[in-house]
Amino acid sequence: VQLQASGGGLVQAGGSLTLSCKASGRSFSSYAMGWFRQAPGKEREFVAGISMNGGSTYYADSVKGRFTISRDNAKYTVYLQMNSLKPEDTAVYYCASNLLFTTYGLQRVPRYWGQGTQVTVSS
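Explanation requested: the side chain of Thr117 in the structure shown.
As for its position among the elements, Thr117 is in strand β13 (residues 117–122). The contacts of Thr117, once residues within four sequence positions are left out, are Ala5, Ser6, Gly7, Gly8, Leu19, Ala91, Val92 and Tyr93.

Where do I start with the nonpolar core in this structure?
Nonpolar side chains in soluble globular proteins tend to be buried together. Counting residues in hydrophobic clusters, the biggest one holds 30 residues, and the most contacted among them are Trp35, Phe67, Ile69, Leu80, Met82 and Tyr93. Of all the secondary structure elements, the ones that give two or more residues to this core are β1 (3–6), β3 (17–23), β4 (33–38), β5 (45–50), β7 (67–72), β8 (77–82), β9 (91–97) and β13. No other element matches the four residues that β3 contributes to this core. When near neighbours in sequence (up to four residues on either side) are disregarded, Ile69 contacts Met33, Gly34, Trp35, Ala48, Gly49, Ile50, Thr57, Tyr59, Val78, Tyr79 and Leu80. Residues Ala32, Phe46, Tyr58 and Phe101 belong to the second largest nonpolar core, which totals seven residues.

I keep staring at the side chain of Ser51 and nothing clicks. Help me out?
With respect to the helices and strands, the residue Ser51 is situated in the loop between β5 and β6 (57–59). Beyond its immediate stretch of four places on either side in the chain, Ser51 contacts Ala32, Ser56, Arg71 and Phe101.

Quick question: what am I supposed to make of the pattern of salt bridges here?
Two side chains with opposite charge may pair up if their charged atoms get near one another. All chains considered together, the criterion is met by four salt bridges. Lys64 is the salt-bridge partner of Asp61, the closest N and O atoms lying 3.1 Å from each other. One network of salt bridges, in which partners are shared, links Arg37, Glu45, Arg66 and Asp89.

Looking at this structure, how should I read the packing of aromatic side chains?
The geometry of an aromatic ring pair comes down to the distance between the two centres and the angle between the two planes. Within this structure, the stated rule accounts for seven aromatic pairs. With centroids separated by 6.3 Å and ring planes inclined at 55°, the aromatic side chains of Phe46 and Phe101 adopt a geometry described as tilted. Note that Phe46 is positioned in strand β5 and Phe101 in strand β10 (residues 100–102), a separation of 55 residues in sequence. Members of the aromatic cluster, connected to one another through ring pairs, are Phe36, Phe46, Tyr58, Phe101 and Trp113.

Teacher, can you tell me more about the pairing of β3 here?
Every regular strand shows the same layout, with side chains that alternate between the two sheet faces. Side chains Leu17, Leu19, Cys21 and Ala23 project from β3 onto a buried face, and the interleaved Thr18, Ser20 and Lys22 project onto a face without burial. Across four bridges, β1 lies against β3 in antiparallel orientation. Note that in β3 the partner of Ala5 across the bridge is Cys21. Both β3 and β8 contribute to a ladder of six bridges, which runs antiparallel. The partner of Thr18 across the bridge, within β8, is Gln81.

The rules we used
- Residues numbered from 1 in each chain as written.
- Predicted model: local features only at pLDDT ≥ 70, side-chain atom pairs only at ≥ 80, totals over all residues.
- Heavy atoms only, no water.
- Helix = DSSP H or I, 4+ residues; strand = E, 2+ residues; numbered from the N terminus.
- Contact = heavy atoms within 4.5 Å.
- Core = buried A, V, L, I, M, F, W, Y, C linked by side-chain atoms within 4.5 Å.
- Buried < 20%, exposed > 50% of the residue type's maximum accessible area, 1.4 Å probe, protein only.
- Salt bridge = Lys/Arg side-chain N within 4 Å of Asp/Glu carboxyl O.
- Phe/Tyr/Trp six-rings, centres within 6.5 Å; stacked < 30°, edge-to-face > 60°.
- Pairing = 2+ DSSP bridges.

By themselves, these observations are geometric and do not establish any function.
Right under this line is the structure:
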């Protein structure tokens, strides 16, 4: 599985961005998908996850109510709609595949990772 993330950029605080992650391979709909981020000097953190059919989602407390994860299995694509962005959302964002999550968070590290896309939020 190869993952290609896009959509990052520079935005002012309060603005919005939508990240996309296009997957290759025919097994896209068989995997839960997720978004992670890593800010300078910090560890990579789990931001959002979505189940195989999109029926279950998970959000980190820091983004709950502002970010929305979705997927289109017909297009092999997962999205992250980010609203009300804050400077602390600045990070490199990574999409990932074949993870396991519950309502308590990440339970298994993803098997597949895409390259990152930079999101910078100015104050």
